[in-house]
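# Report on the structure
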Amino acid sequence: GPLVDTVFEEVTRACADHGGRARRTGATPPAGTTDSAGPPDGDGGGGPAADEVDATQVALVLRGAGALPAVAGDAPVPAGGEPGALGDEGFLLTRDGAVTVLLADAPAGLLYGLFHLVRLGETAFDPARPGAVHRPAVRRRMLDHWDNVDVHPVMGQVERGYAGGSIFWRDGRARRDLARLRAYGRLLAACGINAISVNNVNVHATEARLLTDRLGDVAEIADVLRPYGVRVHLSVTFAAPVVVGGLATADPRERRVRDWWARTTRQVYQRIPDFGGYLVKADSEGQPGPFAYGRDHADGANLLAEALAPHGGVVHWRAFVYDHRQDWRDRSTDRARAAYDHFAPLDGRFDDNVVLQVKYGPMDFQAREPVSPVIAAMPATRLAVEFQVTQEYTGQQRHVCYLGPCWSEVLGFRPWGPDGHRVADVVAGVPDRGRGGDLVAVSNVGDDPYWTGHPLAQANLYAFGRLAWDPRRDPRAVLDEWIDLTFPPTTTGDPERVRETLHALLDDSWRTYERYTAPLGVGFMVSPANRHYGPDVDGYEYSRWGTYHFADRDGVGVDRTRATGTGFAGQYPQPWSTVYESVDECPDELLLFFHHVPYGHVLRGGSTVVQHIYDTHFAGAEEVTAMRERWRDLAGLVDPALYDRVGERLDEQVRSATEWRDQINTYFFRKSGVPDAKGRRIH
Ligand code: GCU
């Protein structure tokens, strides 16, 4: 099939790069396949002759249900469990004599294995390397594109996109840049990502028609990505039966609504047989949903699930539901509580092909949030944890902010305490704790030549895919891989210097960003007017969006305790509900998320709250200046255009971090009247 062709093409390409030769053997090569790296041997599927075997020979073996192809003469195929044990995407990498053997039960496994070989480089051929089976921890590793087909008057072509236009759409039309799409499929597969949604979760008029008369545009994308093992999903509006179907209602209990979804979905599968499914943002930030008909989220999600089930599709139903028309005077409504309040009572009511998609924190992709309590509250529901690779709240791809460590912390968090399962286990599926689901992230890709605007933001795309494959990996090791692949030693002047410099810039950049923007768990001090870029401490303080810090002359923070606050801390299982409830036990980095405390409150770290704010803001801005200096070490060692692009963005990051430092420090100095203990300049 197309995936095997892709594998062969990749092998051929890799061989050509290294002066080698690729050959396809086995039962029946598909018609039209040519061996561009050399003439077919015509030996009927046998292995290479003994004198051809050298230390860098690789055999890629697709283990079918039937007879196994021979590898390196008559040597037996190494064991990897029973046929089928490697799953749809797993692979075994081992040595058989002098030959490196990559074995898979399905074509996607060969493709992932091949990219793994490329990552390993020469070390793949080390005779001492032990054989290992690789399988993804999470079955669906998905990117959501918030791309609009039409240019939206406020949000533009890509909502929260910082890498130029969309690779799929431009000014209301499909771009049909098939070469670019193909390159994108290859990029996704190399990162381990196997699903995407192609349009924004906020579905406007034109985008609603992708489901019906514009389906051909989606089918074309699916055709190009299929050979890379990537399935295409679509964001749909819950009101589709009305908006594009001409019905008077979208009520999930109405027979004609159910019939409409069944019929429409059947047509989708006629066109795209491996279509992934629907992604739905319902009753959230103005999007239509089941509430209009007095139904709940389970009724809504199951309506679409029923239509998709016969075809093997899934519904990603988002849990990002809250009241965005709040009154700031009302202290009892807490946006952080909303997802749990809406969804936890529905556990057990969702169909098997519904995946409830939960943002990793209870608010909205802030630089620091506690892990969402919904993740621990729905053992009978499939859950997807959602990250934001696009850097809406983490520097908008103008700032260096490597998010691998943030995601790794979330995935490693143990909601039931030190002996309990991790978030990653819930997503993978564990008895009594989680039915297993997906990892999903909002994409940071656009039509920018570097894909991600900031060239170093590619590391986030890569890290998301790699952590979704194996959540236990050290984000620094993931970064190492990315550096090797992106700045191959042959293309840089001084590979070790490049590696060290990139680690120095990226490793701790998320915490640096947190230091100058988000003290002790306070988020959202961003500019509403400037699309969440740059500081505006009170920008959301008297707004309907429900994001407040409650700073006054005496103190700062949100009381979310059960005893005196909104009760949000009580949504966690033990021990966290007790830990977060207690001002003494709450981790410093989340203190102001859970508590309102005086400026003089002494942190576990020993400093006072206000002094911590000053210290971290001075430190964060200094670290960014140091990053810019470090980057200058690479002048002449990396591609000049890339060097300049990163350099310009670092200039902006220095400017912006300085602005953050000064506005935050001045704000809290004016509120509290407490001078900086170190006598630094606060304006
Ligand atoms: C954030 C973001 C919106 C987006 C929303 C969502 O609020 O600012 O642009 O639509 O998240 O996740 O649906």
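Residues numbered from 1 in each chain as written. Predicted model: local features only at pLDDT ≥ 70, side-chain atom pairs only at ≥ 80, totals over all residues.

Quick note on the threshold: UniProt positions are given in the numbering used here, feature names are shortened, and annotations may be inferred rather than shown by experiment.
Under an unreviewed UniProt entry, the name given to the chain is Alpha-glucuronidase, and the organism recorded is Micromonospora endolithica. As recorded by UniProt, the Sequence similarities (unreviewed entry) comment attached to the chain reads in full: "Belongs to the glycosyl hydrolase 67 family."

## Points about the UniProt feature "active site" (unreviewed entry) in the chain
Where we set the bar: Helix and strand labels come from DSSP, where a helix needs a run of H or I of at least four residues and a strand needs a run of E of at least two; each type is numbered from the N terminus. For the exposure call, what matters is how many other C-beta atoms sit within 10 Å of a residue's own: 20 or more marks it buried, 12 or fewer exposed, and in between partly exposed, using C-beta atoms placed from the backbone.
With numbering matched to this structure, UniProt assigns "active site" (unreviewed entry) to E285, D364 and E392. Within the secondary structure layout, E285 lies in the loop between β12 (277–280) and α8 (297–308). You can call E285 partly exposed: it has 13 C-beta atoms within 10 Å. Owing to 20 C-beta atoms within 10 Å, D364 belongs among the buried residues under this scheme.

## Structural notes on the sheet that holds strand β2 (residues 91–96)
Let me state the cut-off plainly: Two strands pair under a simple rule: DSSP has to find at least two bridges between them. Only C-alpha atoms enter the line fits that serve as axes; for helices the fit covers just the stretch in contact. Angles between N-to-C directions range over 0 to 180 degrees. Our contact criterion uses C-beta atoms placed from the backbone: two residues qualify when those atoms are within 7 Å.
Within the open sheet, the 4 strands sit side by side as β1-β3-β2-β4. Their pairing is mixed. Both outer strands of the open sheet, β1 (58–62) and β4 (132–134), are each paired with one neighbouring strand and no more. Averaged over all pairs of adjacent strands, the angle between their axes in this sheet comes to 20 degrees, without regard to strand direction. Judged from the 3 bridges that link them, β2 and β4 form a sheet pairing that is antiparallel. The residue bridging F91 from the neighbouring strand is H134, located in β4. Helix α2 (residues 107–120) rests against β1, β2, β3 (99–104) and β4 of the sheet, and its axis sits at about 145 degrees to β3.

## Brief notes about the domain arrangement of the chain
Formally: These domain boundaries are the output of an automatic or database domain assignment. The nonpolar class holds Ala, Val, Leu, Ile, Met, Phe, Trp, Tyr, Cys and Pro. Asp, Glu, Lys and Arg form the charged class, and all remaining residues, Gly among them, are polar.
Assigned domains within the chain: domain 1 (2–134), domain 2 (140–476) and domain 3 (513–558 + 596–672). Each of domain 2 and domain 3 has a C-alpha centre, and the two are 29 Å apart. Taken together, the contact pairs 26 residues of domain 2 with 25 residues of domain 3. Grouping the amino acids of the side of domain 2 that touches domain 3 by side-chain chemistry returns 10 nonpolar, 9 polar and 7 charged.

## Remarks on the sheet that holds strand β5 (residues 140–144)
Read around the closed barrel, the 8 strands follow the order β5-β10-β11-β12-β13-β14-β15-β16; overall the barrel is parallel. Averaged over all adjacent pairs, the angle separating strand axes in this sheet is 25 degrees, with direction ignored. Seen against the sheet, helix α12 (residues 458–469) touches β5, β15 (382–388) and β16 (438–442) and runs at an angle of roughly 155 degrees to β5.

## Examining helix α1 (residues 2–17)
Worth spelling out the cut-off: What a helix is expected to span follows from its residue count: subtract one and scale by 1.5 Å.
The end-to-end C-alpha separation of α1 is 22 Å, in line with the 22 Å expected for 16 residues at 1.5 Å each. Among the residues of α1, V4, T6, V7, F8, E10, V11 and T12 are the ones counted as buried. Elements in contact with the buried residues of α1: β1 and α2. Following α1 by one or two positions, G19 adopts a phi angle in the positive range, close to 70 degrees.

## Quick word on the packing of helix α10 (residues 404–412) against α12
Under the convention used in this document: Small angles under 35 degrees read as roughly parallel and large ones over 145 as roughly antiparallel, with 65 to 115 read as roughly perpendicular and the rest as oblique. A crossing counts as left-handed when the near helix is turned anticlockwise from the far one by less than a right angle, and as right-handed when that turn is clockwise.
At a closest axis distance of 10 Å, the pairing of α10 and α12 adopts a crossing angle of 25 degrees. Judged on the interaxial angle alone, α12 and α10 are roughly parallel. The two elements α10 and α12 cross, and the hand of that crossing is right-handed. Taken together, the residues of α12 that come into contact with α10 (itself represented by G404, W407, S408 and L411) are A463, F464 and L467. For the contact of α10 with α12, a count of residues per class yields 5 nonpolar, 2 polar and no charged.

## What about the site of the ligand?
The condition that has to hold: A molecule or strand has a residue near it when that residue's C-beta atom, placed from backbone coordinates, lies within 6 Å of it.
Inspection of the region around the ligand gives E159, R160, V201, N202, K281, F320, D364 and E392 as its neighbouring residues. Taken together, the residues that form the shell around the ligand break down as 2 nonpolar, 1 polar and 5 charged.

## Let's talk about the packing of α1 against α2
Packed helices, taken two at a time, are described by their axes: the angle between them and the distance between them. Between α1 and α2, the shortest axis-to-axis distance is 8 Å and the interhelical angle comes to 20 degrees. Classed by the angle they form, the pair α1 and α2 counts as roughly parallel. Remark: the crossing between α1 and α2 carries left-handed chirality. Where α1 approaches α2, its residues L3, V4, T6, V7, E10, V11 and A14 are matched on the opposing element by P107, A108, L110, L111, L114 and V118.

## Digging into α10
Of all the 9 residues making up α10, 7 are buried; the element is thus mostly covered by neighbouring parts of the structure. By the burial criterion, the buried members of α10 are G404, P405, C406, W407, S408, V410 and L411. For α10, the secondary structure elements touched by its buried residues are β15, α11 (423–428), α12, α13 (475–486) and α15 (509–517).

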